[in-house]
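Chain by chain, the residues run as shown.
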Amino acid sequence: MVSPLTDPWSVPDDAALPLALPHQLPAGVGRAVAAINAAPGAWCPALSPEGDRVAYVTDRSGLPRLEVADLDGSAVPAVLSLPTQEVVSVAWSPDGAWLAYLVSPGGSICAELHVVRPDGSGHRLLAGEDPRATVFAGGWTGPGHYACSIAPGDGPDADVVLVDAVTGAHRTIARGGFLSVTAVSADQRWVLARRGPRAYRHIVLVDVATGDQRPVLAPDAPGGLASEDGRFGPGGRSVFVRASLPGEPFADRAGLVQVPLTEEGVPGPGEVVLARPDADLDGYALRTDGTVLAVWTRDGVTELCVHALADGAVVREIALPEPVMPGWSLAADGETMIAELTGPRSPRGLWVVPLDGRPRPSRLPSAPACPDAEGLAAADLAVPVLRSYVAPDGLPLSGWLYTPRGVHGPNRTVVTFHGGPEGQERPAWSPTIQSLVTAGFTVFAPNVRGSGGFGRAFLTADDGPAREASFDDVRTTVDVLVTAGIAEPGRIGAHGWSYGGYLTLVALTRWPDLFAAGVTGAGMSDLRTFFAATEPWMAAASVTEYGDPVVDREMLAELSPLTDLARLRSPVLFVHGDRDTNVPVAESVQAHAALQALGATTELLLLPGEGHTIVGREHLVELGERLVAWFDRWL
């Protein structure tokens, strides 16, 4: 579906009141934009142990809910979550008796852990009663027991806790540092957990009986200070770790390392099992036939392969009907998977994918339908091409170019920046991008330095004071668009969400004439106030990314657009969920108020009941319409 480029480049009280559209979009465009943003999806699949049913999250009702469906589509899917619950993820217990699911109460990032029987009975809240606490997903350790991480909310740490689904009892089995569960051994003697701040994490082996922790990989071993995921091998006598592998031939990419374990849990030297210099390993599963199912990401596109465990050789490549697979669930026999797939023209949906290559993948019969299918069909949905270019310091950069049908020269263009900053722009479904394309805008979605998917060196190239170089990538991107005859000076807009919203505001202040208008969503305006007001665990994890809020306070001020707002001259729209505690809503409110005091053209749209991610259908439609109308007015 995605074709590569062949010609390379070188809060005031009234803040949440509805805003009046500056002017009406053409009726056909308005309906298409509404349909695009109302299109439902399904994600986070979890197969039952028998492989005949699947649990998943879907927003077909207008808010993310937990559903269970038969794979053959013989019955209407059952909604198991409560009517007001905003569901984040789900996991099926190995005995099939329980479903554990996380809930975001009222849009808050402070998630709760709930369980329910597959028939809808036995619902109970297991963790997260304290509104300050945050539960992080883990996994079932066996019948009736779920291991997860819980941050109490009054400090930077997260402890590993074993929760009894029947009694609700908690047992803390590991403390100290930010710990996130990745696996539990079959005999429940050991837990693997990820520990450390962003981009500097490592996997530790936790003794359940004593709570003792030891690194699985030595700090000086390949991947020792950059590992994200750990699983136990067959028999529990080894650990497989997904880690960034420095040097040649690994090119700093994420691969798979196998580490032997003694009976006493002492790790031996690691051995690289899977590695590619052109792709990152996003996920993997060990199969009973001695092979490994590997999920690779190359230039943003998913490649699904079966490898021999003995030598890493490719046994089979599995073609997927869409270019991006964000999630998946493997059947117990390893022969079939339920894949969450998406593409530039396809919202997230669930597919049955046989791993022997026969038959072809097929959509889950219970796939949600768009409430305005005709409006969506009328939309001018675009398939992007990958564009590569080079920063002045020689660093390769890239991004995805979306061009409206019939446009062949310079056009009104919006540059949209992803969040993270560790996120990656991929050819997946983006209501924002497709809304803009339908309205006639060219859209470019770059991966500036600091993005994921290009190796750890690229990922950490914007840490601390090096962030200035990632700012310069914004200017480079615009210069290349103009030089190539794609964008027209004076008619270029900037947009982003979360870190992308921050980067948008930075660009508007640093280069006042670069963008004619901007939309910044849920972005930081002052890194100092962000550190002071975000969740404690988020602040602690972000020090390596941005800097220390005490030691580096002066640097954080220099990197904060709030300190330079007087330079901004372009109209800017701020959008934020009013329940956001990840990037607190005050970040948008204070910047909007400061610009108002300066007499600048600015508006603020607060979405009630929403958190850091906007999930309600009505709010998604409103956001899409406001964003398109804003750029249509100012570009």
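Up top is the structure.
Just so it is clear, the model here is predicted, and its values are computed rather than measured.

What about the nonpolar core?
Ranked by internal contacts, the top residues of the largest apolar core, which has 55 residues, are Phe471, Val474, Tyr502, Phe515, Met524 and Tyr546. For this core, the leading source of residues is helix 6 (residues 499-510), giving seven residues. Those residues in contact with Phe471 that lie beyond four places of it in its chain are Tyr499, Tyr502, Leu503, Val506, Arg510, Trp511 and Leu559. Residues Tyr402, Leu436, Leu607 and Ile614 belong to the second largest nonpolar core, which totals 28 residues.

Digging into the pattern of salt bridges
Throughout the structure, instances matching the rule amount to 33 salt bridges. With a shortest N-O distance of 3.7 Å, Asp289 and Arg287 are connected by a salt bridge. Relative accessible area serves as the criterion here: at 48%, Asp289 is assigned to the partly exposed category. Overall, Arg287 belongs to the buried group, its relative accessible area being 9%. Its salt-bridge partner being Arg405, residue Asp380 comes within 3.0 Å of it at the nearest N-O pair. With Asp380 in the loop between helix 2 (373-377) and strand 30 (385-390) and Arg405 in the loop between strand 31 (396-402) and strand 32 (411-417), this pair connects stretches of sequence that are 25 residues apart. Judged by its relative accessible area of 15%, Asp380 is buried. Since its relative accessible area comes to 65%, Arg405 is described here as exposed.

What to know about the packing of helix 3 (residues 431-438) against helix 12 (residues 617-634)
It is the contact of helix 3 with helix 12, at a shortest axis distance of 10 Å, that shows an interaxial angle of 45°. On the basis of their axis angle, the class for helix 3 and helix 12 is oblique. When you trace helix 3 past helix 12, the crossing you get is right-handed. Seen from helix 3, the contacting residues are Thr432, Ser435 and Leu436; seen from helix 12, they are Leu627, Val628 and Phe631. Taken together, the residues of the contact of helix 3 with helix 12 sort by class into four nonpolar, two polar and no charged.

A look at the environment of Ser451
Its location among the elements puts Ser451 in the loop between strand 33 (442-447) and helix 4 (456-459). Each C-alpha atom, one on Ser451 and one on Ser470, is 9.7 Å from the other, the two residues being 19 residues apart in sequence. Beyond its immediate chain neighbours, meaning those up to four positions away, Ser451 contacts His418, Pro421, Glu422, Gly423, Phe458 and Leu459. Polar side-chain contacts of Ser451 include one of 2.8 Å to the side chain of His418. A distance of 2.6 Å separates the side chain of Ser451 from the backbone oxygen of Val448, its partner in a polar contact.

What to know about helix 5 (residues 467-483)
The first and last C-alpha atoms of helix 5 sit 25 Å apart over 17 residues, in line with the 24 Å expected at 1.5 Å per residue. Where helix 5 is concerned, the buried positions are Arg467, Ser470, Phe471, Asp473, Val474, Thr476, Thr477, Val478, Val480 and Leu481. Immediately downstream of helix 5, the backbone of Gly485 shows phi near 75°, a positive value.

A few points about the side chain of Ser104
The residue Ser104 is located in the loop between strand 7 (99-103) and strand 8 (112-116) in this model. A distance of 2.4 Å separates the side chain of Ser104 from the backbone oxygen of Ser108, its partner in a polar contact.

Quick look at the sheet that holds strand 4 (residues 65-70)
One open sheet holds the four strands; their spatial order is 2-3-4-5, and the pairing between them is antiparallel. Both outer strands of the open sheet, strand 2 (42-47) and strand 5 (78-79), are each paired with one neighbouring strand and no more. In this structure, strand 2 lies alongside strand 3 (residues 53-58), joined through four bridges in antiparallel fashion. Paired with Ala42 across the bridge in strand 3 is Thr58.

Cut-off values and rules
- Residues numbered from 1 in each chain as written.
- Predicted model: local features only at pLDDT ≥ 70, side-chain atom pairs only at ≥ 80, totals over all residues.
- Heavy atoms only, no water.
- Core = buried A, V, L, I, M, F, W, Y, C linked by side-chain atoms within 4.5 Å.
- Buried < 20%, exposed > 50% of the residue type's maximum accessible area, 1.4 Å probe, protein only.
- Helix = DSSP H or I, 4+ residues; strand = E, 2+ residues; numbered from the N terminus.
- Contact = heavy atoms within 4.5 Å.
- Salt bridge = Lys/Arg side-chain N within 4 Å of Asp/Glu carboxyl O.
- Axes fitted to C-alpha atoms, helices over the stretch in contact; angles between N-to-C directions.
- Parallel < 35°, antiparallel > 145°, perpendicular 65-115°, else oblique.
- Left-handed = near helix turned anticlockwise from the far one by under 90°.
- Nonpolar A, V, L, I, M, F, W, Y, C, P; charged D, E, K, R; others polar.
- Polar contact = N/O pair within 3.5 Å; in protein donor to acceptor, adjacent residues only side chain to side chain.
- Expected span 1.5 Å × (residues − 1).
- Pairing = 2+ DSSP bridges.

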